[in-house]
Amino acid sequence: MRKAVVAANWKMNGDIQLLNEFAPIQWGNDKVEAIFALPSILLPWAKFGQLAGQDVSAFASGAHTGEISATMLKNAGCSYVILGHSERRTDHHEDEALLIEKWKQAKAVGLKIIYCIGESLEEYEQNRTQEALLRQLNPILDTDLIDEETVIAYEPVWAIGTGKTATAEYAQKIHQEIRKIICKKSDTISARLRILYGGSVKADNAKELFSGEDIDGFLVGGASLKADSFKQIIEAIS
Ligand code: PGA
């Protein structure tokens, strides 16, 4: 049985006041694991849920101005780190070769990975989703980095922050394809790892999306910035 995960991605949002709104609430329960990917500078102040970095350096330490190392995330209380979010892939030109280096750093200190994949609007319109998934997954599967604790976040780029959500049928179909691709590496890993859907998830579409048998939870951006709406998403699938 895979335990559901709902992960908040605050992106470059939030402050101490928002942390104070989230702090008194009991996040997560016996059915759902709640994870909070916060801006690095807020992590040491967050005293709730499980914490995640939104990115990590590909280096262990040294002259890399502005970077945050895996050890620093660990010391700030993180158990997870997001890698390959589409905004990092686009804004910072992150490719699979770089993400593998980041993954190695994170894994070396025991951080679990939330690896984001998903097709662009252009790829979606040209029926090239499978090609995008293979491009983002194959280099990872050629290494020994993926394991049962890896979390995959499938986020069609055209659904992120746009209010356009994939239908439950489409999301389930893609999640099933992702599991099939990971079977090339290991049937056991493929069956046990959690695959989250992300892209305009809200309290009112969470339950339907969660009905797909390969959908193990969500990575939530906009709706994770209010304690009420984020709590409702967790409750909708509990
Ligand atoms: P969204 O963002 O929920 O605002 O669409 C999801 C994400 O980018 O992780």
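As a reminder, the structure under discussion sits directly above these lines.
Residues numbered from 1 in each chain as written. Predicted model: local features only at pLDDT ≥ 70, side-chain atom pairs only at ≥ 80, totals over all residues. Heavy atoms only, no water.

Caption draft 1: Representation of the environment of Lys-202 in the model. Along the chain, Lys-202 falls in the loop between β7 (194–198) and α9 (203–210). On the basis of relative accessibility, which here comes to 36%, the residue Lys-202 falls in the partly exposed class. Along the primary structure Lys-202 and Phe-218 are separated by 16 residues, whereas in three dimensions their C-alpha atoms are 9.7 Å apart. (Helix = DSSP H or I, 4+ residues; strand = E, 2+ residues; numbered from the N terminus. Buried < 20%, exposed > 50% of the residue type's maximum accessible area, 1.4 Å probe, protein only.)

Caption draft 2: Structural context of the nonpolar core. Grouped together as the largest cluster of nonpolar side chains are 65 residues, with contacts concentrated most on Phe-36, Tyr-115, Ile-152, Ile-178, Tyr-197 and Phe-218. The leading source of residues in this core is helix α7 (residues 168–183), at 6 residues. For Tyr-115, the residues in contact, after removing those within four places along its chain, are Leu-83, Arg-89, Glu-96, Leu-99, Trp-103, Gln-136, Leu-137, Ile-140, Val-151, Ile-152 and Ala-153. Of all hydrophobic cores here, the second largest spans 13 residues; its members include Val-5, Ile-82, Val-151 and Ala-153. (Core = buried A, V, L, I, M, F, W, Y, C linked by side-chain atoms within 4.5 Å. Contact = heavy atoms within 4.5 Å.)

Caption draft 3: A look at the environment of Ile-152. Tracing the sequence through the fold places Ile-152 in strand β6 (residues 151–154). Residue Ile-152 is classed as buried on the basis of its relative accessible area of 0%. Spatially, the C-alpha atom of Ile-152 lies 6.0 Å from that of Cys-116, the residues being 36 residues apart in sequence. If we ignore the near neighbours within four places in the chain, the residues touching Ile-152 are Tyr-115, Ile-117, Leu-137, Ile-146, Ile-178, Ile-182, Leu-193, Arg-194, Ile-195 and Leu-196.

Caption draft 4: Structural detail: the side chain of Ser-186. Note that Ser-186 resides in the loop between α7 and α8 (187–192). Here the side chain of Ser-186 touches Ile-189 through a polar contact of 2.9 Å, landing on its backbone nitrogen. (Polar contact = N/O pair within 3.5 Å; in protein donor to acceptor, adjacent residues only side chain to side chain.)

Caption draft 5: Representation of the site of the ligand in the model. By nearness alone, 13 residues border the ligand, and Lys-11, His-85, Glu-155, Gly-161 and Ser-200 come closest of all. The side chain of Lys-11 places a nitrogen or oxygen atom 2.7 Å from an oxygen atom of the ligand. Considered class by class, the residues forming the shell around the ligand number 4 nonpolar, 7 polar and 2 charged. (Near = heavy atom within 4 Å. Nonpolar A, V, L, I, M, F, W, Y, C, P; charged D, E, K, R; others polar.)

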